[in-house]
Amino acid sequence: MKQKDYRIREAVIKDFPSIMALFKMNSDTFSRNEIPAAQKYIEELIKGMIGRFFVSVSKNKIVGCAGYSKEADTDGVYSFNWLAVHPDFKRHGMATELYNMIENKIKAFGGRLIIVNAGSNEVNRFFYKKMGFKACGRIPQYHSEKKDLIWYYKKVSKNKNLLKHFTIV
Ligand SMILES: CC(C)(COP(=O)(O)OP(=O)(O)OC[C@H]1O[C@@H](n2cnc3c(N)ncnc32)[C@H](O)[C@@H]1OP(=O)(O)O)[C@@H](O)C(=O)NCCC(=O)NCCS
């Protein structure tokens, strides 16, 4: 693995344009309709209205992001969402680190299930499999004529001992 040259922190509103730029850099995987949809959702995550959002920063530049939100109609189900990594930083383990940090938070809050709505490309399949997810449903041509939606889920164990490591609840 290459040497780590970024740090992860909670996103703030002024990061918003750089976060959107990151999605546009990955427009081969995010379809035309997803980027405008991300705008409203991520703004709400950053404001802490429906969840939390995090960025990876290298030399003052935002090079990765991901967030989570609680599924309101459930007891302990969280959605992991809007994961993206700058093309120059892919395969450095950044998405793994973002995911593991968020999974630990979810466990600390008593979460028992993590779900992901992801595109059907091969990289996503490999990534979520490596993170321990199972694919459980596919809707053909959901995101676009060429892009299916795949639901993934992972059962996790509550670990409230982790709470002491987090100031954000
Ligand atoms: C998917 C994505 C977030 C992965 O980010 P990343 O930081 O490069 O991923 P990591 O370095 O943590 O890789 C973890 C594992 O995922 C898998 N993986 C990641 N990129 C892969 C690729 N190009 N080909 C095959 N497997 C890949 C591998 O199993 C890898 O483990 P390994 O390096 O030990 O083999 C990144 O490619 C991306 O931003 N894609 C565009 C946006 C997107 O699709 N987001 C997900 C929407 S839900």
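Residues numbered from 1 in each chain as written. Predicted model: local features only at pLDDT ≥ 70, side-chain atom pairs only at ≥ 80, totals over all residues.

## Some thoughts on the overall build of the protein chain
At step 1: Looking only at helices and strands, the protein chain features four helices and seven strands.
At step 2: For the protein chain, the α and β elements follow one another from N to C terminus as β-α-α-β-β-β-α-β-α-β-β.
At step 3: The C-alpha radius of gyration of the protein chain comes to 15 Å, within 12% of the 15 Å expected for a compact globule of 169 residues.
At step 4: For the C-alpha atoms alone, the extent of the protein chain along its principal axes is close to 45 × 40 × 35 Å.
At step 5: Within the protein chain, the fraction of its 169 residues that count as buried is 28%.
At step 6: Contacts in the protein chain between residues at least 24 apart in sequence constitute 58% of all its contacts with a sequence separation of at least 6. (Helix = DSSP H or I, 4+ residues; strand = E, 2+ residues; numbered from the N terminus. Rg over C-alpha atoms; globule rule 2.2 N^0.38 Å. Buried ≥ 20, exposed ≤ 12 C-beta atoms within 10 Å, placed from the backbone. Contact = placed C-beta atoms within 7 Å.)

## Description of the site of the ligand
At step 1: With respect to spatial proximity, 20 residues lie near the ligand, and among them K90, A95, T96, F126 and F127 are the closest.
At step 2: Listed by contribution, the elements that provide at least two residues to the shell around the ligand are strand 4 (77–85), helix 3 (94–108), strand 5 (113–119) and helix 4 (122–130).
At step 3: Considering only residue class, the shell around the ligand consists of ten nonpolar, seven polar and three charged. (Near = placed C-beta within 6 Å. Nonpolar A, V, L, I, M, F, W, Y, C, P; charged D, E, K, R; others polar.)

## What about the nonpolar core?
At step 1: Among the nonpolar cores identified, the biggest contains 34 residues, and C65, A66, F80 and L98 are the most heavily contacted of them.
At step 2: Elements that contribute at least two residues to this core include exactly helix 1 (16–25), helix 2 (34–46), strand 2 (51–58), strand 3 (61–70), strand 4, helix 3, strand 5 and strand 7 (147–155).
At step 3: When neighbours within four sequence positions are excluded, A66 is seen to be in contact with F54, F80, W82, L83, L98, Y99 and I102. (Core = buried A, V, L, I, M, F, W, Y, C linked by C-beta atoms within 7 Å.)

## Looking at the environment of I35
At step 1: One can find I35 in helix 2.
At step 2: In sequence terms I35 and F23 are twelve residues apart; their C-alpha atoms lie 6.7 Å from each other.
At step 3: For I35, the contacting residues outside a window of four places in its chain are F23, K24 and F30.

## Quick word on helix 3
At step 1: The terminal C-alpha atoms of helix 3, which comprises 15 residues, lie 21 Å apart, in line with the 21 Å expected from a rise of 1.5 Å per residue.
At step 2: Those residues of helix 3 hidden inside the fold are in contact with strand 1 (7–10), strand 2, strand 3, strand 4, strand 5 and helix 4.
At step 3: G110 sits one or two residues past helix 3 and shows a positive phi near 90°. (Expected span 1.5 Å × (residues − 1).)

## Quick look at the sheet that holds strand 5
At step 1: What the seven strands build is an open sheet, ordered 1-2-3-4-5-7-6; its pairing is mixed. Either end of the sheet is taken by a strand with one partner, and the two such strands are strand 1 and strand 6 (134–144). Going from strand to strand, the sheet's axes swing by 25° on average, the running direction of each strand aside.
At step 2: Bridge analysis of strand 4 against strand 5 gives three bridges, and the strand direction is parallel. Paired with Y78 across the bridge in strand 5 is I114. (Pairing = 2+ DSSP bridges. Axes fitted to C-alpha atoms, helices over the stretch in contact; angles between N-to-C directions.)

## Comments concerning the environment of M25
At step 1: In this structure, M25 sits in helix 1.
At step 2: The partly exposed category is assigned to M25, around which 15 C-beta atoms lie within 10 Å.
At step 3: C-alpha separation for the pair M25 and A84, spaced 59 residues apart in sequence, amounts to 9.2 Å.
At step 4: Setting aside residues up to four positions removed in sequence, M25 forms contacts with H86 and P87.

The analysis is restricted to geometry; functional conclusions fall outside its scope.
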